Every structure is written in C-alpha cells, then in structure tokens.
Amino acid sequence: MKKIFLFLFLFSIIGCTIQFDGETKLVTEGKIVDKQGNPIVSKKIKIYAYNHYDSNLISYGNTDENGYFSLVFPAPMYIDDQVIIEVNENQNDNYQNKMIYSLRSNFTNYKLNLNTIVLFGTTDITQLQIILNHVNSNTSITDIQVEGLLPNEIEDLNSVNPFDYQSDVSFNVIKNQTVILKYKIIQNGIPTNFSQNITISNSPVNYTLNY
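If you're wondering where the values come from, they're calculated on a predicted model, not measured in any experiment.

Draft legend 1. The arrangement of the overall build of the chain in detail. Within the chain, the secondary structure is distributed over one helix and 14 strands. Considering the chain as a whole, with its 211 residues, one finds that 38% of them fall into the buried category. Look at the contacts in the chain between residues 6 or more apart in sequence, and 70% of them connect residues 24 or more apart.

Draft legend 2. Representation of the packing of aromatic side chains. Enumeration over the complete set of coordinates arrives at two aromatic pairs. Consider the rings of Phe-73 and Phe-107, whose centres lie 6.1 Å apart with planes at 80°: the pair is edge-to-face. Of this pair, Phe-73 sits in strand 4 (residues 68–76) while Phe-107 sits in the loop between strand 6 (98–103) and strand 7 (111–118), and the two are 34 residues apart along the sequence. The pair Phe-73 / Phe-107 is uniform in exposure class, with both members buried. Ring centres 5.6 Å apart and planes at 15° place the aromatic pair Tyr-183 and Phe-194 in the stacked group. Remark: Phe-194 occurs in strand 13 (residues 190–200) and Tyr-183 occurs in strand 12 (residues 177–187); sequence separation between them is eleven residues. Owing to a relative accessible area of 5%, Tyr-183 belongs among the buried residues under this scheme. With relative accessibility at 37%, the residue Phe-194 sits in the partly exposed group.

Draft legend 3. A look at the sheet that holds strand 12. Taken in spatial order, the three strands of this open sheet run 9-12-13, and their pairing is antiparallel. Looking along the sheet, the strands with just one partner apiece sit at the ends: strand 9 (139–147) and strand 13. Across the sheet, the mean angle separating the axes of adjacent strands is 20° when strand polarity is ignored. In this sheet, strand 12 lies alongside strand 9 in antiparallel orientation, the contact comprising seven bridges. When the bridges of strand 12 are listed, Gln-145 appears paired with Lys-182.

Draft legend 4. Structural context of the pattern of salt bridges. The final tally for this structure, using the stated rule, is eight salt bridges. For Lys-182, the salt bridge identified is with Glu-147, shortest N-O distance 3.2 Å. Within this pair, whereas Lys-182 is found in strand 12, its partner Glu-147 is found in strand 9, the two being separated by 35 residues in sequence. According to the relative accessible area criterion, Lys-182 is partly exposed, its value standing at 32%. Since its relative accessible area comes to 37%, Glu-147 is described here as partly exposed.

Draft legend 5. Spotlight on the sheet that holds strand 4. What the three strands build is an open sheet, ordered 4-1-7; its pairing is mixed. Single-partner strands in this sheet number two, and they are strand 4 and strand 7. With strand direction ignored, the average angle separating the axes of adjacent strands in the sheet is 20°.

Draft legend 6. Structural view of unusual backbone geometry. For Asn-115, which is not glycine, the phi torsion reads 55° and is therefore positive. Tracing the backbone through its elements, the reader meets Asn-115 in strand 7. Despite not being glycine, Asp-143 has its phi angle at roughly 55°, a positive value. Examined against the element boundaries, Asp-143 turns out to sit in strand 9.

Draft legend 7. Structural view of the nonpolar core. Ranked by internal contacts, the top residues of the largest apolar core, which has 21 residues, are Ile-32, Ile-45, Ile-47, Phe-73, Ile-85, Leu-114 and Ile-117. No other element matches the four residues that strand 4 contributes to this core. By size, the runner-up hydrophobic cluster in this structure holds 20 residues, among which are Val-169, Val-173, Leu-181 and Val-205.

The rules behind each value
Residues numbered from 1 in each chain as written. Predicted model: local features only at pLDDT ≥ 70, side-chain atom pairs only at ≥ 80, totals over all residues. Heavy atoms only, no water. Helix = DSSP H or I, 4+ residues; strand = E, 2+ residues; numbered from the N terminus. Buried < 20%, exposed > 50% of the residue type's maximum accessible area, 1.4 Å probe, protein only. Contact = heavy atoms within 4.5 Å. Phe/Tyr/Trp six-rings, centres within 6.5 Å; stacked < 30°, edge-to-face > 60°. Pairing = 2+ DSSP bridges. Axes fitted to C-alpha atoms, helices over the stretch in contact; angles between N-to-C directions. Salt bridge = Lys/Arg side-chain N within 4 Å of Asp/Glu carboxyl O. Core = buried A, V, L, I, M, F, W, Y, C linked by side-chain atoms within 4.5 Å.

See the structure below:
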C-alpha cells in the first residue's frame, strides 16, 4: 500500500512539471523602443514556460543596436502551458518592465512577432483610479476600458474583458494626455455604451463614475 501511495505522489509531481516537444522550436521576435520611437539597445528579454505548478526559464537575450530581438526556444508540450515574454526584468534603469502572456496558439508558423514594443520611463507613468458609485440598484456596469497612452505592464494576448465590476478599478496611464474612458451600463437587461474624456496631468487622478 505504501508503494502505491508513493507512486501516486511521484506521478502527481511529474504531471505538474512543464514538458516540452523536443522536435518543435518556437521563435519570438520584436523591437523595443522608447516613447520617441528610438531603439533601446541591450534591453534584456527573458522567455519563461509557465503552468500553474511550475515555471522554467527557457531562453534569454538582449536587443541589438537597432532594438531588435529574436529568441528561439523549445515548445511546451501542452496547449494550456503559457509562454511568458519578460522585458526589462529587474534592470532598475528607469524604464518600466513588461510581461506578455501567450499560448502556443498565438504562434503562426512557429513564430510570434510582437512588432514594436514601447517602454515608457517609470517617471512617465501615473495612476487613474475609477471610483465606482452605484446609485441605481437596477443597473450594473461592465467592460470598463481606457484608451490612450498606456504602459500595459502586463499584457495577455488571450485575455477577455472582465464582465462585472463590484469595486473600484485602477489603470496605469501616461502623464499629460487626455484618455477616453469607455464602459457599458446595463439596465433591465439592456446594455448602453458610454464614453468620457478624462484629462491626465502629472499627478494621480481619481474619477468618480456614477451608474
């Protein structure tokens, strides 16, 4: 009986680790620039394979003199295993860091082209806090989005917008711009789209949204 329990325990551990397709290689490429569009040289890029139980560093490199990078790595075996591209991890150089979550299905012909990635300076970023004020018990709010210059520190290529909001929502935004706040209010089962302009200065902004 002890041998059976030991076998099951070891099987559960092995089943949780990330496995790779030894015959398949994937490629991620892109270009890193600053907010003026200038290439950022020698910017660190790391690739991780990730599932809910394990994480493996599977490739790393730096941008070249033109800001380009191209990294090759083994493909995770299972379609639910994520490939995470980490840009500027722990470099403490006054640029933001960025994490891009992807799946094997995001790769076309084994390649994921991230095109141009803008890294903003950490001093360029402030916060927009949306304070939700529920004044009508017959309404709910959904699909809260902000359009404008956003640092997007975390980007999921397979994400969907949250359906429901019960508490305040915050967004990191770039200073000194006007952003567009978009959302839907549902009343009696009927959704209505709304949008409002919000001016962002150098300081954090609190905006009360009544619904």
